[in-house]
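# Reading the structure
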Amino acid sequence: MPARPRARRRAPAGPQPEGPGAASPPPLPALPEWVLGIESSCDEMAAAVVRRGVEIVATSVRGQADVHRPYGGVVPELASRDHVRGVWQVVEAVLADAGLPAGRLSGVAVTAGPGLVGSLLVGLSFAKALAYRHGLPLVGVHHLDGHLAAAELSDPSLRPPYVGLVISGGHTALYRIETGAAPALLGETRDDAVGEAFDKVAALLGLPYPGGPAVARAAGSGRVDAVPLPRPLEKAPGCDFSFSGLKTAVALEVSRRAPLSARDVADVAASFEGAAVDVLVARATRALREQGIAQLAVVGGVAANRRLRETLATRARAEGFQVVFPPPELCTDNAAMIAAAGHRLLARGESHGLGLDSFSRIHPRRPPRSSAGP
Ligand code: KG4
Ligand code: ZN
C-alpha cells in the first residue's frame, strides 16, 4: 500500500467564505497571500499551502516506495496511476489542514517539469481544473527552481548572491543565484546524477529502493576508508561533476568480494558515501572560491544525507562560509518548495494559463524559470 499522506499544520487561516467559483479570472492580486503548490514530477504526489511565500501553513506528501520497491526503482506507468489515485487526497488534506476553501487561494503553482511526463500531467491537469473552477491564476514552476526556493523558505536570512548546489536523483549542478535573474549554471554532472549513483550502488549492494537512504543507513556501521575509491574531478578545473566512474569502481569491488557479507555491504556503502561526499564538498567549495561568494545553499534529495551535512558544516566553520540545508523533508520532493517558487512568479503578475504544458528534460530555452529574490 502507498504511504499515507502526512499533513502538517503550522498556522490556522481562520474561517473564510467559500469562493464564487467564477468562470472568468479575477484581476491578479498585487501580493499573493495563499498559494497552493502541487508537485508530481516523479514518485511523490505532494500538495502544500504557503502563505506570502515564506510560511508553510500545511504540507502533505504521498510517497510510493511500496509501489516501486518490488521493481527496485520507479516504474513510470505505476507512478502516474498512483498519482491519479492520490492527487485529490493530498490537496484536500492541505486545504482542510489550512482551514482554507479553494476559492480563497491567491493562486495555484504546479511543477511543469522536468520529470516523468505521465506523472507531471496528473498534477498539471488537476491544477488546471482547480484554477479554472475557482478562477485562480495558475503558474508552472521549474522543479529545480522549487528545490532552490526550499533553501530560502527554510532560512529567510539567505539572500542572493549565493551558490546553490542542487543534488537529486536526476540532477547534480551548481548555480549562481542573483536577485532578479534566472539561476546561472556554473557546472553540472557529465554523466550520472549523484542521487542516481546512490540508487545504483544500493542495487549493487542488494539494498532496497529507495537507495539513497538505504546506502546512508548501511554506511553508518561501515568504515569509510575500507575501500580506496576514486573521487572523479575532485581537483579538476571548473565546476562539473562525474559519478559514473565511481559507480563502476563500486561495481568492480562488489564483484571482487562476492558473495558480500553484512560487513562488506557496510564497508562498501561507507566508502562510496565518503567518496561522493568528498567530491560534492570539493566542487561546492571551489565554486564558492571562484565566485567570491560566502553563502552556499544545498538542496535536493541527497542534501538529506547526514555525512554530507556534517562534513560541509565542519568545512563551513573552518573556511568561514555560511551553509544552508533545508530540513530533510524540504530536501526531498515536496510541494511547499513549489508554492514558494510559484509565489515569486505570481507576485510578478505572471499567469501561465490553461495552455501550460509539461516538459520532461531541462531545456535551455524552456520557460518558466523563476528568479531568486523579490
Ligand atoms: O529531490 P528528490 O526527492 O527527487 C528528485 O528530484 O530526484 O531526490 C531523490 C534522490 C534519490 O536518488 C535518493 O536516493 C536520494 O535523493 N536521497 C539520498 C538520501 N535521501 C534521498 N541520498 C543520499 N542520502 C540520503 N539520506
Ligand atoms: Zn526533486
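The text that follows walks through the structure, step by step, so that each part is easy to find.

## A look at the overall build of the chain
Scanning the chain for helices and strands turns up 11 helices and 11 strands. Looking at the chain residue by residue over its 374 residues, the buried ones come to 54%.

## A short note on the packing of aromatic side chains
Using the criterion set out here, one finds three aromatic pairs in the structure. On the numbers, 4.9 Å between centres and 75 degrees between planes, the contact of Phe198 with Phe272 is edge-to-face. One end of the pair, Phe198, is in helix α5 (residues 194-204); the other, Phe272, is in helix α8 (residues 262-291), with 74 residues separating them in the sequence. On the basis of relative accessible area, Phe198 is assigned to the buried category, the value being 3%. Using a relative accessible area of 0% as the deciding quantity, one classes Phe272 as buried. The interplanar angle of 15 degrees and the centroid separation of 6.2 Å between the aromatic rings of Phe241 and Phe243 together place this pair among those described as stacked. The buried category is assigned to Phe241, whose relative accessible area is 0%. The class for Phe243 is buried, based on a relative accessible area of 0%.

Conventions and cut-offs
- Residues numbered from 1 in each chain as written.
- Chains lettered and ligands numbered in written order.
- Predicted model: local features only at pLDDT ≥ 70, side-chain atom pairs only at ≥ 80, totals over all residues.
- Heavy atoms only, no water.
- Helix = DSSP H or I, 4+ residues; strand = E, 2+ residues; numbered from the N terminus.
- Buried < 20%, exposed > 50% of the residue type's maximum accessible area, 1.4 Å probe, protein only.
- Phe/Tyr/Trp six-rings, centres within 6.5 Å; stacked < 30°, edge-to-face > 60°.

Function cannot be inferred from these measures alone, as they are strictly geometric.
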